[in-house]
Amino acid sequence: MTATRIHPSSETTRPPLFPHRGGGAGASSSSAAAAALRFTVWKRSSMGFQGTDGFSVYDAAGVLAFRLDNYSRRPKLFAGELLLMDGQGAPLLALRPQIFSMQDQWNCYKASEESQGKRTISHQLFSMRKCSVLQKGHEAEVSIFGCGTASGHTGQGPSFLVEGCFRRRNCKIRNSAGEEVARIMRKNVETASDSLTLGDDVFSLVVEPNVDCTMIMAFVVVLDRICWKPYTPMICSS
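Note that the structure is predicted; figures quoted are calculated from it, not measured.

Enquirer: Give a detailed account of the environment of Cys-213, specifying residues and quantitative values.
Expert: Residue placement: Cys-213 occurs in helix 4 (residues 213-226). With a relative accessible area of 1%, Cys-213 lands in the buried category. Each C-alpha atom of the pair Cys-213 and Phe-39 lies 9.6 Å from the other, and the pair is 174 residues apart in sequence.

Quick look at the structure:
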């Protein structure tokens, strides 16, 4: 009997680090550029302490690719900074809520010990905010800094739009040209006799070739916060 696997089974490539957009380096290998990267996102901290939230993200080989450990779902005013790390625990991106924001905005910074606690707009990589209720079918929008579409630049459209419903694990991330760069969907696993759809705590993330996986994963973390729902910790029995 074949064991059920939570993680994908297709071939994977180590994700690039933001802010690289994946232009020339990814295109050097035609085989790598031909296939999208598939990840399994588990809404549990890799540390697994009861009462805390987090992410454990596995690549197609079942290797821990990203993690975000042990934070509390306090109100935005007290939420503090979220730190997205690679599978080994090295910091990649820091995510902070914009306290005074009508559209639930979060800002992303390059993670570094030197700038911790004093991150400024000059260090900012992107901002992501919930779409207005008038933007039907759209969940959130992203403005990339340094690309002429940063927040505060009037007359410019967003760099990325999230359409669909994140809470139902059914949404697409599109760039400013309308091209799909990533997709979030329910996770199916094959058993010996049937196909099983997992709960929304485990879902699939597909990232198109030459798209920065670290940046997309940061989008997912922010979506999880702005599309908030109560978190139920896993109860462990002795």
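Enquirer: I'd love a proper account of the environment of Ser-45, names of residues and values included.
Expert: Counting through the fold element by element, Ser-45 comes out in the loop between strand 1 (37-42) and strand 2 (53-58). As a C-alpha pair, Ser-45 and Phe-55 span 10 residues in sequence and 5.0 Å in three-dimensional space. In this structure the side chain of Ser-45 is engaged in a polar contact, spanning 3.3 Å, whose partner is the side chain of Asp-69.

Enquirer: Which residues make up the side chain of Asp-86, and what are the values?
Expert: Mapped onto the secondary structure, Asp-86 falls in strand 4 (residues 82-86). Assessed through its relative accessible area of 13%, Asp-86 is described here as buried. Polar side-chain contacts of Asp-86 include one of 2.9 Å to the backbone nitrogen of Gln-88. A polar atom in the side chain of Asp-86 sits 2.9 Å from the backbone nitrogen of Ala-90.

Enquirer: Lay out the environment of Val-211 in plain terms, naming residues and giving numbers.
Expert: For Val-211, the location among the structural elements is in the loop between strand 14 (202-207) and helix 4. Judged by its relative accessible area of 14%, Val-211 is buried. With 175 residues separating them in the primary sequence, Val-211 and Ala-36 have C-alpha atoms 9.2 Å apart.

Enquirer: Describe in detail the side chain of Ser-56, supporting the description with residues and values.
Expert: Tracing the chain through its elements places Ser-56 in strand 2. In this structure Ser-56 comes out as buried when scored by relative accessible area, which is 4%. Side-chain polar atoms of Ser-56 contact the backbone oxygen of Arg-44, separated by 2.8 Å. Once residues lying within four places of it in the same chain are set aside, the contact partners of Ser-56 are Thr-40, Val-41, Trp-42, Arg-44, Ser-45, Ser-46, Leu-64 and Phe-66.

Enquirer: Could you give an account of the state of the cysteines, with specific residues and numbers?
Expert: Following the criterion strictly, the structure yields zero disulfides and no others. Cys-165 takes part in no disulfide bond, and the closest cysteine sulfur, belonging to Cys-227, lies 7.2 Å away. What makes Cys-227 buried here is its relative accessible area of 6%.

Enquirer: Talk me through the packing of aromatic side chains; I want residue IDs and the actual numbers.
Expert: Given two aromatic rings, one states the distance between the centres and the angle between the planes to describe the pair. Tallied over the entire structure, the rule returns four aromatic pairs. Ring geometry for Phe-39 against Phe-66: centres 6.1 Å apart, planes inclined by 50°, an arrangement best described as tilted. Of this pair, Phe-39 sits in strand 1 while Phe-66 sits in strand 3 (residues 64-71), and the two are 27 residues apart along the sequence. The burial state of Phe-39 is the same as that of Phe-66; both residues are buried. Arranged with centres 5.0 Å apart and planes meeting at 85°, the rings of Phe-126 and Phe-219 form a pair that is edge-to-face. Within this pair, whereas Phe-126 is found in strand 7 (residues 124-130), its partner Phe-219 is found in helix 4, the two being separated by 93 residues in sequence. Given the relative accessible area of 0%, Phe-219 is considered buried. One aromatic cluster in this structure is built from Phe-126, Phe-160 and Phe-219.

Enquirer: Which residues make up unusual backbone geometry, and what are the values?
Expert: Backbone geometry places Arg-169, a non-glycine residue, at a positive phi of 55°. Locating Arg-169 in the fold gives a position in the loop between strand 9 (160-165) and strand 10 (170-175).

Enquirer: Lay out the nonpolar core in plain terms, naming residues and giving numbers.
Expert: Judged by nonpolar contacts, the single largest core of 45 residues is most densely connected at Phe-126, Leu-205 and Met-217. For this core, the element with the highest residue contribution is helix 4, accounting for 11 residues.

Rules used throughout
All residue numbers refer to positions counted from 1 along the written sequence of the respective chain. Restriction of local features to residues with pLDDT of at least 70 applies here, the model being predicted, together with a cutoff of 80 or more for giving and counting side-chain atom pairs; totals for whole chains, interfaces and linings are based on all residues. Working from all heavy atoms in the structure, the side-chain values ignore hydrogens and water. Working definition: helices are DSSP H or I runs of at least four residues, strands are E runs of at least two. Numbering for both runs from the N terminus. Burial classes: relative accessible area under 20% of the type maximum marks a residue as buried, over 50% as exposed, and values in between as partly exposed (1.4 Å probe, protein chains only). For this analysis, a polar contact is any N or O atom pair within 3.5 Å, provided that within protein one partner can donate a hydrogen and the other can accept it, and provided that sequence-adjacent residues contribute only side-chain to side-chain pairs. Working rule for contacts: check all heavy atoms of both residues, and any pair within 4.5 Å makes them a contact. Here, the term disulfide refers to a pair of cysteine sulfur atoms separated by no more than 2.5 Å. Side-chain rings of Phe, Tyr and Trp (the six-membered ring for Trp) are treated as a pair once their centres are within 6.5 Å; stacked means planes under 30 degrees apart, edge-to-face means over 60, and tilted covers the remaining angles. In this text, buried Ala, Val, Leu, Ile, Met, Phe, Trp, Tyr and Cys residues form a nonpolar core when linked through side-chain atoms within 4.5 Å.

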